[in-house]
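Coordinate inspection notes
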Amino acid sequence: MTVGSATARRTRARLPLPTAYAWAAAIAAGAVMPFAFQPFDWWPLILPAVALALVALRGRTLGAAFGIGFVTGALFFLLHIQWITVYLGPVPLIALTAWMATWWGLGGMALALAWRWGEPRMRGPVGSFLGLPALLGAVWTLRESASATVPWGGFAWGRLAHSQASSPLADTTSWVGLTGLTFLVATASALVLQLVLHHRTILRRRLTIGAAALILLVAIPAFPVERSGSLRVGAVQGASEAGLLAPYTQGEILQQHVDATEALRGEELDLLVWPENAAEFFADESPRTMATLDRIATGFDAPLVVGTVTRDGDDTYNALLQVEPGEGAVAEYRKRHPVPFAEYLPQREVLAPILDALGFLELIPRDYSVDPTSANAFDVAGTIAGVAICFDIVDDALAREMVLDHGAEIILAPTNNADFGRGSAENVQQLAIAQLRAVEAGRALVNISTVGTSAMIAPDGTMVDRLPQYEPGAMLEELPLSTTVTPGIRLGAWIDLALSIGAALALAGFGAAHLVQRKGRADA
């Protein structure tokens, strides 16, 4: 026996799971995975959960792989985003879950092919414990990137990276971005699986490989960020029932934020931030509302960034206004990533009759427009502040734009989470995304909500202040500024592209090799 054949024998993996066990693994993966995310935050569980999802697909036909992937994705999203049902009922949850599960089913097919075509050609320690895990991680990341962008801007929620906001792996986002972190988590999960499957490899060697990979991941420090100054920022949470269907009288939400701002009276501020929708509808068209906002800004002698709804002809925008003392609104940002089926209805002419028949059209009474030219940064107090309204914070491209194109030194993320109920997991899931965004960009971040969870976040992702949900309150902190551009921001788009193209080309290459081999066997 040659050395090569002995090595191949030692690294040979166990047989694929029997069909019943594969389905059980898929179900377990979907049920366990939500616990790695907020509000549970048991982040180490992501590794065994993803490993279970992967092993369930090994050796499966394409039809079975779609079904297995669909079941895993459906269970995960049913549990992970159940907060949608608090006011909106089960239909949006079922519809969104079914759509995302379909993506997971398609991803399951791609992963099954990666197993089928890649595993026989990746033998030996390097192929088994590096090449194949990287292939599986890249294919998983490709599916996640596709579902996060297609169609209508996608639904970038529940990404593997989002489970790691409080883990030691969060620092890696400053080097590789959120997509890169997903790839590392998926690859590490596949490596854990391979170390278990390759039982004939000496245990000591498998433990050494696993320990080395763990140390390498955990030991990566955040990219060093140089402080260029500081900004004294106040942020106010009005505890307002500002949900889509919440009853309130005109001016009530505005007044609640005025009242909550009193907690900062007498303090010196460089900037004051109010949440999304805090100034209600069409603040810029109401002399009374603008007089109130100007009075607040003048009282602190500081600019006020505040959320409202604006319009321009037939177009309506979810917007932020920059109100300067004595000058009124001097700048406006119009939300660039409105949520489909929440802030607008795609293909309304086709879908509106269907939703009307189901009694859900009233939940989307208007379509917010998108202004692609709206710059997502304000010049406040001589500082460039990147701005993101609610769901904008999940958009990788917008995060890069505010830093690379506009030179953002700090990030402001006003939001309105009142549609998801008291104690909602949505609030803390969004906060986790904001923490990762702060680390990725190397910027302090102000996450200020109408109802919570509001927090001020340092560039390393730690929360320096936080307000309880559904209680009025205010935060005041001296936050660091920076002009450092991290690799996660500068190279993030290229990393995304490289992983997607690399996964597709690798699958195509292994598929072609598989067909050639089959043809050779047939000819023989």
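Computed from a predicted structure; not experimentally measured.

Attention now moves to the overall build of the chain. Across its full length, the chain holds 16 helices and 12 strands. In terms of C-alpha radius of gyration, the chain reaches 25 Å, essentially the compact-globule figure of 24 Å for 524 residues. Taking all 524 residues of the chain together, the buried fraction comes to 55%. Counting every atom, the chain has about 21,200 Å² of accessible surface; 63% of that belongs to carbon and sulfur. Positive and negative side-chain charges in the chain, numbering 35 and 47 respectively, have mean positions lying 23 Å apart.

The full count for this structure, using the stated rule, is 17 aromatic pairs. A centroid spacing of 5.4 Å and a plane angle of 45 degrees characterise the contact between Phe37 and Phe76, whose relative ring orientation is tilted. Linking Phe37 in the loop between helix H2 (19-32) and helix H3 (46-57) with Phe76 in helix H4 (residues 62-80), this pair joins segments that are 39 residues apart in sequence. An identical accessibility class is assigned to Phe37 and Phe76; each is buried. For the ring pair Phe155 and Phe391, a centre distance of 6.1 Å and an interplane angle of 15 degrees mean the geometry is stacked. Taken together, the positions of Phe155 in the loop between helix H7 (124-147) and helix H8 (173-197) and Phe391 in the loop between strand E7 (383-387) and helix H13 (396-405) put the pair 236 residues apart, joining distant regions of the chain. One exposure class covers both Phe155 and Phe391, and it is buried. Each member of the aromatic cluster is reached from another via a ring pair, and the members are Phe37, Phe76, Phe77, Trp83, Trp104, Trp140, Phe155, Trp157 and Phe391.

Within the largest apolar cluster, 87 residues are counted, with the highest numbers of intra-cluster contacts made by Met33 and Trp140. Here the element with the most residues in this core is helix H6 (residues 90-118); it accounts for 10 residues. Residues contacting Met33, with those up to four places away along its chain left out, are Ile46, Ala49, Val50, Phe76, Trp104, Trp140 and Leu160. Of all hydrophobic cores here, the second largest spans 25 residues; its members include Val380, Cys390, Met456 and Leu481.

Where strands meet in a sheet, backbone hydrogen bonds hold them as pairs that are either parallel or antiparallel. Strands sit in the order E6-E7-E8-E9-E10-E11 across an open sheet of six strands; the sheet is mixed. Here the strands that pair on one side only, and so sit at the sheet edges, are strand E6 (377-380) and strand E11 (463-466). For this sheet the average axis-to-axis angle between neighbouring strands, irrespective of direction, equals 20 degrees. In this fold helix H14 (residues 425-441) packs onto strand E8 (410-415), strand E9 (445-449), strand E10 (455-457) and E11, with an angle of close to 160 degrees to the strand it touches most, E9.

On to the side chain of Ser240, then. Within the secondary structure layout, Ser240 lies in the loop between strand E1 (227-237) and helix H10 (252-261). For Ser240, a relative accessible area of 0% corresponds to the buried category. In terms of polar contacts, Ser240 uses its side chain to reach the side chain of Gln256, at 2.7 Å. Those residues within four positions of Ser240 in sequence are excluded, and the remaining contacts are Ile253, Gln256, His257, Ala418, Thr450 and Val451.

A separate point is helix H11 (residues 287-300). Here H11 spans 20 Å end to end across 14 residues, near enough to the 20 Å set by a 1.5 Å rise per residue. Restricting attention to buried positions, one finds in H11 the residues Thr289, Met290, Thr292, Leu293, Ile296, Ala297 and Phe300. Projection of H11 onto a plane perpendicular to its axis shows the buried side chains occupying an angular sector of 155 degrees, all on one side. Exposed and oriented more than 90 degrees from the buried face of H11 are Pro287 and Arg288. In this fold, the buried residues of H11 make contact with H10, strand E2 (271-273), strand E3 (304-312), strand E4 (315-324) and strand E5 (328-334). Note on H11: the residue one or two positions beyond its end, Asp301, has a positive phi of about 50 degrees.

What follows deals with the pairing of E11. Relative to E11, E10 runs antiparallel, the two being bridged by three bridges. Among the inter-strand pairings, Ala455 is bridged to a residue of E11, identified as Arg466. Hairpin connection of E10 to E11: five residues between the antiparallel strands, including Gly461 at a positive phi of 90 degrees.

Together, Leu491, Trp494, Leu497, Ile501 and Leu505 give the surface a local cluster of nonpolar side chains, amounting to about 530 Å² of exposed area. By the secondary structure assignment, Leu491 is in the loop between helix H15 (487-490) and helix H16 (492-523). Given a relative accessible area of 42%, Leu491 falls into the partly exposed group.

The subject of this paragraph is the sheet that holds E4. The strand order E5-E4-E3-E2-E1-E12 describes an open sheet built from six strands, whose pairing is mixed. If you trace the sheet from one side to the other, it starts and ends with E5 and strand E12 (473-482), each paired once. Strand-to-strand twist across the sheet, computed as the mean angle between neighbouring axes with direction ignored, equals 40 degrees. In this sheet, E3 lies alongside E2 in parallel orientation, the contact comprising two bridges. Looking at E3, one finds that Val273 is bridged to Val305. H11 contacts E2, E3, E4 and E5 of the sheet and is inclined by roughly 35 degrees relative to E4.

Definitions and cut-offs
- Residues numbered from 1 in each chain as written.
- Predicted model: local features only at pLDDT ≥ 70, side-chain atom pairs only at ≥ 80, totals over all residues.
- Heavy atoms only, no water.
- Helix = DSSP H or I, 4+ residues; strand = E, 2+ residues; numbered from the N terminus.
- Rg over C-alpha atoms; globule rule 2.2 N^0.38 Å.
- Buried < 20%, exposed > 50% of the residue type's maximum accessible area, 1.4 Å probe, protein only.
- Areas by Shrake-Rupley, 256 points an atom, 1.4 Å probe, with all protein chains shown as cover.
- Lys, Arg positive; Asp, Glu negative; His and termini not counted.
- Charge placed at Lys NZ, Arg CZ, Asp CG, Glu CD.
- Phe/Tyr/Trp six-rings, centres within 6.5 Å; stacked < 30°, edge-to-face > 60°.
- Core = buried A, V, L, I, M, F, W, Y, C linked by side-chain atoms within 4.5 Å.
- Contact = heavy atoms within 4.5 Å.
- Pairing = 2+ DSSP bridges.
- Axes fitted to C-alpha atoms, helices over the stretch in contact; angles between N-to-C directions.
- Polar contact = N/O pair within 3.5 Å; in protein donor to acceptor, adjacent residues only side chain to side chain.
- Expected span 1.5 Å × (residues − 1).
- Arc of directions from axis to C-beta.
- Patch = residues over 30% accessible without salt bridge, like charges linked within 9 Å, V, L, I, M, F, W, Y side chains within 5 Å.
- Salt bridge = Lys/Arg side-chain N within 4 Å of Asp/Glu carboxyl O.

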